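# Chain and residue survey
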Amino acid sequence: MKSTMTLAAALASTVCFSTAAFADGHLSLDGKTIGVAVVGTQHFWDREAFNGAVSTVEELGGTVVPVDGGRDNQVHADNHDILLSQGVDAVISILGDGAVEPKFEALSGAGIPVFTVDHQSPFGTNNTTSDNYYMGTTIGRYMADAIGGEGNVAVFNAFEGALRICGIRAGLWKYVLEDYPGITIIQPELAEEFANAPEDARIKTLDLLSQYPEGTLDAIHVGCWDQPAIGVVQALEEAGRTDVLVTALDGGPDTLEIMAEEGSPFVANVAQQPNLIGSTAAMNVARHFAGETLLPQTFVEVVPVLGQDGAKAAYEQLGYGTLD
Amino acid sequence: MTQPMSQRLLGVFPIIVFACLFAYLGVQSTTFLSLDTLELITKQAVPTVIVSLGLATVVIAGGDDVVAGGIDLSIPATAIICAAIIADQLTNQGASLPFAMILAFGAAAIIGAINAFLVVGLRMTPLLATLSMSVAIVGITKVITSSRRIGVTDETIVFIRDGTIFGIAASVVMTTVLVLVFYHALHRTRWGMNMQATGGSRDAAEISGILTRRFVVQSFLIAAFAGWIASVFVLARGSGSSPGTEENMLLEMVLATFLGAAFSPRRVVTLWGAVLGAVVVSALSVGFISIGVNVFWTGCIKGALILLVVASASVTTKGRS
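Residues numbered from 1 in each chain as written. Chains lettered and ligands numbered in written order. Predicted model: local features only at pLDDT ≥ 70, side-chain atom pairs only at ≥ 80, totals over all residues. Heavy atoms only, no water.

### Observations regarding the domain arrangement of chain A
All names here are of chain A. Taken domain by domain, chain A consists of domain 1 (2–131 + 273–302) and domain 2 (132–271). On a C-alpha basis, the centres of domain 1 and domain 2 stand 28 Å from each other. Each partner contributes to the interface: domain 1 provides 19 residues, whereas domain 2 provides 18 residues. Together, the buried faces of domain 1 and domain 2 total about 1,600 Å²; carbon and sulfur atoms form 59% of this surface. If you sort the residues of domain 1 by the area they bury against domain 2, Arg71, Asp131 and Val302 come out on top, with a joint share of 32%. Along the contact surface separating domain 1 from domain 2 lie 1 salt bridge. Where aspartate 118 meets arginine 169, a salt bridge forms, and the shortest distance between an N and an O atom there is 3.6 Å. Among the secondary structure elements, those contributing two or more residues to the side of domain 1 that touches domain 2 are helix 2 (44–59), strand 5 (126–130) and strand 11 (297–300). Class assignment of the residues belonging to the side of domain 1 that touches domain 2 gives a composition of 6 nonpolar, 9 polar and 4 charged. (Domains from an automatic or database assignment. Contact = heavy atoms within 4.5 Å. Buried area = accessible area lost by both parts, 1.4 Å probe. Salt bridge = Lys/Arg side-chain N within 4 Å of Asp/Glu carboxyl O. Helix = DSSP H or I, 4+ residues; strand = E, 2+ residues; numbered from the N terminus. Nonpolar A, V, L, I, M, F, W, Y, C, P; charged D, E, K, R; others polar.)

### Details of the packing of aromatic side chains
Residues and elements named next belong to chain B. Counted by the stated rule, this structure contains 10 aromatic pairs over all chains. Relative to tryptophan 228, the ring of phenylalanine 105 has its centre 4.8 Å away and its plane inclined at 75°; by these criteria the two rings are edge-to-face. On the criterion of sequence distance, the pair formed by phenylalanine 105 in helix 4 (residues 97–121) and tryptophan 228 in helix 10 (residues 212–238) is long-range, its members being 123 residues apart. A relative accessible area of 39% places phenylalanine 105 in the partly exposed class. Members of the aromatic cluster, each reached through a chain of ring pairs, are Phe18, Phe22, Phe32 and Phe263. (Phe/Tyr/Trp six-rings, centres within 6.5 Å; stacked < 30°, edge-to-face > 60°. Buried < 20%, exposed > 50% of the residue type's maximum accessible area, 1.4 Å probe, protein only.)

### Remarks on the state of the cysteines
Residues and elements named next belong to chain A. Within this structure, the stated rule accounts for 1 disulfide over all chains. In this model, cysteine 166 is linked to cysteine 224 through a disulfide, with the two sulfur atoms separated by 2.0 Å. Across the S-S bond of cysteine 166 and cysteine 224 the torsion is about -75°, and the bridge reads as left-handed. You can see cysteine 166 sitting in helix 6 (residues 164–177) and its partner cysteine 224 sitting in the loop between strand 8 (219–222) and helix 8 (227–239), a full 58 residues away along the chain. The pair formed by cysteine 166 and cysteine 224 is uniform in burial state, with each residue classed as buried. (Disulfide = S-S within 2.5 Å.)

### Comments concerning helix 8 (residues 190–200) of chain B
Side chains of residues three or four places apart in an α-helix project in the same direction, reflecting 3.6 residues per turn. Residues and elements named next belong to chain B. By the burial criterion, the buried members of helix 8 are Gly192, Met195, Thr198 and Gly199. For helix 8, the buried positions fall inside an angular range of 115° around the axis, keeping them on one side. Every exposed residue of helix 8 that faces more than 90 degrees away from the buried side is listed here: Arg190 and Gly200. (Arc of directions from axis to C-beta.)

### Quick word on the sheet that holds strand 4 (residues 114–117) of chain A
All names here are of chain A. Read across the sheet, 6 strands follow the order 2-1-3-4-5-11 without closing on themselves; strand pairing throughout is parallel. The outermost strands of the open sheet, each flanked by one partner alone, are strand 2 (63–68) and strand 11. Each adjacent strand pair in this sheet contributes to an overall mean axis angle of 15°, direction not counted. (Pairing = 2+ DSSP bridges. Axes fitted to C-alpha atoms, helices over the stretch in contact; angles between N-to-C directions.)

So this is what it looks like as structure tokens:
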């Protein structure tokens, strides 16, 4: 019930937010060329954030120069050089690691404002992101509750040091666990691959399960996203392990579908709204050109997802369809 | 013997396709045919050019049969592990750049030597030997970096990324020098001629008294050396070592090297062809972006174009034989 109310509240605020944004009749990108750089389009989150940004720029009358890094951070960074050479009026940059920082510096140095998505940068005008603080603490509480407040937990945490959003999510997850002395985070932490994450996580989980036989491992958490969780669940099924629970963050339709399956070990998630995030970044570009002062960050609401019923409800409420 | 007109037309087909394409891009985009864009294209092609030099050397020495001839698929992985070693030494261990580079050179030399041993000593198929080696190297790289990014702020690396020499991007100038060194060594020295003879016909070269096995060994060592050199430019390009960059580089290296062969009159892998191939691959990426091609179609169009060119080259070669 509580989760349903939270979901409703989150969606209500989202609807209010988006309605207010689109009701801003004075906003326009007419005559502006906006570069939209995304690190990759293979994953739902990346693709949706990209689509949200592109469609909103076009709805506001702007022209889009789209670039896709193919899930390679170096290619993603290089693509910003191309946008610079194209002389675009602004850049929306979605994700990316530290390789993009010199590119942001060059763009802002050339007078081209950079609007980041899920990437805080000193050279960015504004960063649109989910409420990562809430995501980190919520998934920490949900996971701790799911395993009864004690046990051994493994975590896939490759990006805590490389991406600030992941630092917040994983850091606050750990912060919550400090209040559960019975929970031990297995060391060393696991590091997932950026590309081909599900298969990589599947193999690493199978290795982990061979080291931790039944009764010695209680949960596997993915610290910043949930594509690896797909592989984690596959590995648990392959190994016939029903004693390990899975938690993660992002809540795209693919992982919500896994959560909604009968007896799924994937028990908790926090769903983001990537399309709205991308769209909001594009609206912020328009606000910037309209002379409005933007805050350094714009936060977009998230939807906590708990259990099978929570996954079904979130799936429907986020507009992905219905799950029976 | 004079070639029929259709055969000759087919021979220049790859050049016509790309000339038309670049003319189209130039008309559609006001910025594509400019010196700035040319510099950007060459700058972005740098790591691919260098690893392609290594691959071209192995193919020249081993012959251009993709399975049984010379091929080294471990060069991008070598570049990535060297980049990881240098980044780790600079950022995590506090080492100097020369020390870090010497360490990385040692790793590259070991990789080259193992490749040579597998192919020449154990007579393994180069494709399988170097592919296995690539997988192993990527695994070791993950151990070194824990699959995490390592940022680098070393002044020399930053200079290679942002600096200029005589007003041209430093990375482009350095790579041009490297290409000329490779060209001189392979085309203007007796050693280079012997290496080409080895790849052209191993039996004929041996009858002529050339120690062919030695040249094949050397080609793998040179390929590893190219990987080592490329690592510095990979680090500069990404301002550090980011995991997962070897896959795209592997794809672009193979594409560039064999696309380059399609441009050569005899349809064989050459150094200049590899360089041109790398620049063309980079130009396609920049060109498609400059006219705003939908990102979901870019890969498809690029792949189709390359397939068209390579297929036409293959048809021409068959026609001649």
